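The primary structure of each chain is shown beneath.
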Amino acid sequence: VAIEQDAATITTPDSDPIVSSYSAVHVKRDGKWLIDRVSEQEIVSPPSHYEQLKELEWMIGYLADQAGEGVVATECHWARNKNFIVRSFTVSVGMAIDMAGMQIIGWDPARKQIRSWVFDSDGGFNEGTWQKVDEQWTVQTTATLPDGRRASATSVMRPLDKNSFAWQ
């Protein structure tokens, strides 16, 4: 008796590939291997929350804002399966980076809302909840500062065109 376990992919020109796992039991009789039974189970891909996040697609890419010698540079990209947007940022004064950090933006299926988490190079972090009203996004954040004090903020972001957005 031999057990075979593997995956099979069925492709057709008119639809997405179907992937399933299977298990086959082979039995040797009179010197020949025969299939005794086969069971199959569809492989379910992890869910993508792209549908809930696609309205934030305007953030994807590189953006920079300069005021005098200060520059805030932001780069956003999709994480695998488009379940999260990953944003890295730097705040520079002159040629020196004053602060850097990372933000993760994702759909929280339990709370049915977009949430974000920011971690900065000074040791601070915050958590935000996102809400769209008309054509702008409001982000309510609560933060823990590097010295342990608590803070909160409200940001309002509105895409202006393909290459820019307003942030208050």
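Heads up: these notes are all about the structure in this document. Here the structure is a predicted model, which means the values were calculated and not measured.

Side note on unusual backbone geometry
Inference 1: Residue Asp30 is not a glycine yet carries a positive backbone phi of 50°.
Inference 2: Residue classification places Asp30 among the exposed residues on the basis of a relative accessible area of 83%.
Inference 3: Phi at Asn81 takes a positive value of approximately 70°, unusual for a residue other than glycine.
Inference 4: With respect to the helices, strands and loops of the structure, Asn81 is situated in the loop between β5 (70-78) and β6 (84-93).
Inference 5: For Asn81, a relative accessible area of 39% corresponds to the partly exposed category.

Considering the nonpolar core
Inference 1: Ranked by internal contacts, the top residues of the largest apolar core, which has 14 residues, are Leu56, Met59, Ile105, Ile114 and Trp130.
Inference 2: Those elements giving two or more residues to this core turn out to be β5, β7 (96-108) and β10 (136-144).
Inference 3: Residues in contact with Ile114, not counting those within four places in the same chain, are Gln52, Leu53, Leu56, Ile105, Gly106, Trp107, Gly128, Thr129, Trp130 and Trp137.

A word on the environment of Ala64
Inference 1: As for its placement among the helices and strands, Ala64 is situated in strand β4 (residues 61-67).
Inference 2: Judged by its relative accessible area of 52%, Ala64 falls in the exposed class.
Inference 3: Taking the C-alpha atoms as reference points, Ala64 and Gly124, separated by 60 residues in sequence, lie 22 Å from one another.
Inference 4: Setting aside residues no more than four positions away along its own chain, Ala64 makes contact with Val72 and Ala73.

Considerations on the side chain of Arg87
Inference 1: Along the chain, Arg87 falls in strand β6.
Inference 2: At 9.8 Å, Asp120 is the nearest oppositely charged side chain to Arg87, a buried residue that forms no salt bridge.
Inference 3: In this view, Arg87 contacts Met59, Thr74, Glu75, Cys76, Gly101, Met102 and Gln103; residues no more than four positions away in its chain are not counted.

Re the sheet that holds strand β2 (residues 15-29)
Inference 1: Pairing in this open sheet of 3 strands is antiparallel, and the strands run β1-β2-β3 from one edge to the other. Looking at strand neighbours, the two that pair on one side only are β1 (2-12) and β3 (32-42), the edges of this open sheet. With strand direction ignored, the average angle separating the axes of adjacent strands in the sheet is 30°.
Inference 2: Looking at chain direction, β2 and β3 are connected through 10 bridges and run antiparallel. Bridge pairing in β3 places Arg29 opposite Lys32.

Focus: the environment of Thr9
Inference 1: Tracing the backbone shows Thr9 in strand β1.
Inference 2: Given the relative accessible area of 51%, Thr9 is considered exposed.
Inference 3: Residue contacts for Thr9: discarding those within four places in its chain leaves Pro17, Ile18 and Val19.

Digging into the pairing of strand β8 (residues 113-120)
Inference 1: Bridging between β7 and β8 involves 8 bridges; their strand directions are antiparallel. Bridge pairing links Trp107 to Ile114 in β8.
Inference 2: Bridging between β8 and strand β9 (residues 125-133) involves 6 bridges; their strand directions are antiparallel. Within β9, the residue paired with Ile114 across the bridge is Trp130.
Inference 3: Connecting β8 to the antiparallel partner β9 that follows it, the hairpin turn spans 4 residues, and Gly123 within it adopts a positive phi of roughly 100°.

Cut-off values and rules
Residues numbered from 1 in each chain as written. Predicted model: local features only at pLDDT ≥ 70, side-chain atom pairs only at ≥ 80, totals over all residues. Heavy atoms only, no water. Buried < 20%, exposed > 50% of the residue type's maximum accessible area, 1.4 Å probe, protein only. Helix = DSSP H or I, 4+ residues; strand = E, 2+ residues; numbered from the N terminus. Core = buried A, V, L, I, M, F, W, Y, C linked by side-chain atoms within 4.5 Å. Contact = heavy atoms within 4.5 Å. Lys, Arg positive; Asp, Glu negative; His and termini not counted. Salt bridge = Lys/Arg side-chain N within 4 Å of Asp/Glu carboxyl O. Pairing = 2+ DSSP bridges. Axes fitted to C-alpha atoms, helices over the stretch in contact; angles between N-to-C directions.

Any functional reading would require information beyond the geometric quantities listed.
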